[in-house]
2 protein chains.
Amino acid sequence: MAARATSKTSESSDKVSVICRALRRAIIEQALEPGAKLPEDSLGERFGVSRTIARHALGQLAAEGLVELRRNRIAVVATPSWQEARNAFDVRIELERLVVRQLAGKLTKAQIAELNAHVDAEDGARGGTDAVSIRLATEFHILLAQMTNSPILVRYVSEVAYRCCLTLSLYSRPHSTECAINEHRAIIAALAKGDEAKVMDLMHHHLDSVANRALVAPAPQRGRDLLDILAPYADEATNDRVVKLPKVARRG
Amino acid sequence: MAARATSKTSESSDKVSVICRALRRAIIEQALEPGAKLPEDSLGERFGVSRTIARHALGQLAAEGLVELRRNRIAVVATPSWQEARNAFDVRIELERLVVRQLAGKLTKAQIAELNAHVDAEDGARGGTDAVSIRLATEFHILLAQMTNSPILVRYVSEVAYRCCLTLSLYSRPHSTECAINEHRAIIAALAKGDEAKVMDLMHHHLDSVANRALVAPAPQRGRDLLDILAPYADEATNDRVVKLPKVARRG
DNA sequence: CGCGCCCCAATTGCATGCAATTTGATGGCG
DNA sequence: CGCCATCAAATTGCATGCAATTGGGGCGCG
């Protein structure tokens, strides 16, 4: 039993949720930067679905605050203002303090092992690309939230964590995530010891330092080709290579 | 730049958001009970849109946790388990404590007047139907959240408040909201005085008592006709009476 | 030389149609 | 009399098509 089957935030049908996951991941890994355009056609083409589905997916992501939808205009990856970023971190701190409060002293050995394994993975990824490091660091927090068995906490922590990633790509410089690994380890240790007050403090300061490292100065925008950017994500999404849409030709 | 225009949670196009608002309100006023079926056809018919749009709206509401989407099955109003209800209240407490913490001592006179006016309205509605009382009580909390100027807080507080309404209709008995009015007044007073610690405590206990009043025993289900239930909401949504869909006939 | 207008390609907004799945009812069988 | 198989109606999942809006480039005008 334990976890419930539905797990994910809501994830209506199948195709829609596949696209959402792919785009979330593309955003979290900063392959899609804030402001990047997301035309329904291109998404549909890339993921092998109709515009209807692509559109639905964009709607979901907009509800999560990752995408901005303007009437009659091309959807874009959200570009949070500095103030919104600060707000997001404030909310995140409270939510994650709640997470660790609920978890302190209640984790099974298996769960602790799972957390440690995850941080090991983060450690192992230090040599690799920033994208992976960022993703793993974020997923650590989501993993924690999942252990509360509170779907609503999972959803909110996930959303707000993704949003914070967005702001990191806007306002932060690379390599700022590495030293977080030790903080993750400290949190696990405090959770295992069951020291509620301490783990809440650790989490608070951890997030504070992430926020402070991040919220310093604005950054420019690069502009790449959407189809190229999404290629690896689409491949992974439809494990059936590219697609089945018979009609539409590639843009080139 | 001060406030931004978009305000609402995301609300893609227009028709979709109209339907979402109508359904949210129907749910919050307990006209639509947990478990109530929401066939795309009927929604489309009632609101004068195609199934595509009705479906999109259901997707949004599912993302908010108000509606449950099961593949190939009719969507239903969500039926949170007792545990989920408890979790929702836990999250809500933290979020709303954050709200009042940010607001304590920072409200303008106009804002305080607005809050008092709202509670006056709640007071005035005591004679009326439960539906209106419940809605107003919930909207008080949303109004507070809006005053933080933090879109993400507004969104989360709104969502979780709606969800809590859902659980109230499941697990609570009528008339349980009335005495909340005094607590609302006390919160306003403490906010005005700027007593951060006290207002956080007040909010905490307020929500605790709402939760405790609510989470006691399960309740049965009535079953009415969806089209009838939605009539007043649809009327208000399309201020153009019922509608233009030529084809589908009423179910009866 | 710069500024504004117009027109066309690109794109969204939405309804409709068709195939696939589920629901519920009917009838046969133990 | 109750239970399961079978079939039709209801419903979803999704692609497609068409009208409306946008944005951008080129042209004319000041």
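Here, the structure is the one placed above.
The model shown is predicted, which means the values in this text are computed figures rather than measured ones.

Asks: Can you walk me through the overall build of chain A in this structure?
Replies: When helices and strands are tallied, chain A shows ten helices and three strands. Secondary structure elements of chain A occur, N-terminal to C-terminal, as α-β-α-α-β-β-α-α-α-α-α-α-α. Each of the 252 residues in chain A was classed as buried or not, and the buried ones make up 54%. Counting only contacts in chain A whose residues sit at least 6 apart along the sequence, the fraction spanning at least 24 positions is 77%. Put simply, chain A shows about 11800 Å² of open surface, and 51% of that area lies on carbon and sulfur atoms.

Asks: Sorry, what's going on with the sheet that holds strand β3 (residues 75-77) of chain B here?
Replies: For sheets, the rule is that strands pair by backbone hydrogen bonds, running either parallel or antiparallel. Residues and elements named next belong to chain B. Read across the open sheet, the three strands follow the order β1-β3-β2; overall the sheet is antiparallel. In this open sheet, the two strands that pair with only one neighbour each are β1 (37-38) and β2 (67-68). Strand direction decides the pairing type here: β1 and β3, joined by two bridges, are antiparallel. Pairing of Leu 38 across the sheet is with Ala 75, part of β3.

Asks: What should I look at first to understand the packing of aromatic side chains in this one?
Replies: Note on aromatic pairs: each is described by the distance of the centres and the angle between the planes. Under the definition given, this model contains one aromatic pair over all chains. Aromatic pair Tyr 156 of chain A and Tyr 156 of chain B: ring centres 4.0 Å apart, planes at 5 degrees, arrangement stacked. Of this pair, Tyr 156 of chain A sits in helix α7 (residues 151-171) while Tyr 156 of chain B sits in helix α7 (residues 151-171), on two different chains. Note on accessibility: Tyr 156 of chain A and Tyr 156 of chain B belong to one class, buried.

Asks: Looking at this structure, how should I read the interface of chain A and chain B?
Replies: Interface extent is often summarised as the accessible area lost during association of the parts. Between chain A and chain B, the residue contacts involve 36 residues of the former and 36 residues of the latter. Contact between chain A and chain B buries roughly 3000 Å² in total, counting both sides, with carbon and sulfur atoms accounting for 54%. Linking chain A to chain B there are four salt bridges. Across the pair Arg 101 of chain B and Glu 94 of chain A runs a salt bridge whose closest N-O atoms are separated by 3.5 Å. Taken together, chain A and chain B are joined by ten residue pairs in polar contact (both at pLDDT 80 or more). Counting residues per element, the ones that place at least two in the side of chain A that touches chain B are α3 (51-63), α4 (82-103) and α7 of chain A. The dominant element in the side of chain A that touches chain B, judged by the number of residues it contributes, is α4 of chain A, at ten residues. Among the residues making up the side of chain A that touches chain B, the classes are represented as twelve nonpolar, twelve polar and twelve charged.

Asks: Mind showing me how you'd approach the protein's contact with DNA strand C here?
Replies: Lining the immediate environment of DNA strand C, one finds 20 residues, of which Arg 51 and Arg 55 of chain A together with Ser 50, Thr 52 and Arg 73 of chain B sit closest. Each atom of DNA strand C within 4 Å of the protein was assigned to sugar, phosphate or base; sugar and phosphate come to 70%. At a separation of 2.4 Å, a phosphate oxygen of DNA strand C approaches a polar side-chain atom of Arg 55 of chain A. Among the elements that take part in the surface near DNA strand C, helix α3 (residues 51-63) of chain B stands out by supplying three residues, more than any other.

Procedures and definitions
- Once a new chain begins, its residue numbering starts again from 1 and follows that chain's sequence as written.
- Whichever chain is written first is A, and whichever ligand is written first is 1; the rest continue in order.
- Only residues with pLDDT of at least 70 get local features here, since the model is predicted, and only at 80 or more are side-chain atom pairs given and counted; chain-wide, interface and lining totals rely on the full set of residues.
- The side-chain values count all of the structure's non-hydrogen atoms but skip hydrogen atoms and water molecules.
- Starting at the N terminus, helices and strands are each numbered in turn, a helix being any DSSP run of H or I of at least four residues and a strand any DSSP run of E of at least two.
- Throughout, exposure labels follow a simple rule: accessible area from a 1.4 Å probe, protein chains only, divided by the maximum for the residue type, with under 20% read as buried, over 50% as exposed, and the rest as partly exposed.
- Contacts were defined at the residue level, with two residues in contact if any of their heavy atoms lie within 4.5 Å.
- Computed with the Shrake-Rupley method and a 1.4 Å probe, the accessible areas treat only the protein chains shown as cover for residues.
- Note: two strands are recorded as paired if DSSP finds a minimum of 2 bridges between them.
- Ring geometry is summarised as follows: Phe, Tyr and Trp rings, the Trp one being its six-membered ring, pair when their centres sit within 6.5 Å, and such pairs are stacked at plane angles under 30 degrees, edge-to-face over 60 and tilted between the two.
- A 1.4 Å probe defines the accessible area here, and the buried area is the portion of it lost by two parts on being joined, summed over both.
- We count a salt bridge whenever a side-chain nitrogen from Lys or Arg sits within 4 Å of a carboxyl oxygen from Asp or Glu.
- Counted as a polar contact is a pair of N or O atoms within 3.5 Å, where, for protein atoms, one must be capable of donating a hydrogen and the other of accepting one, and residues adjacent in sequence contribute only when both atoms are in side chains.
- Note on residue classes: Ala, Val, Leu, Ile, Met, Phe, Trp, Tyr, Cys and Pro are nonpolar, Asp, Glu, Lys and Arg are charged, and everything else, Gly too, is polar.
- In these notes, residues near a molecule or strand are those with any non-hydrogen atom within 4 Å of it.

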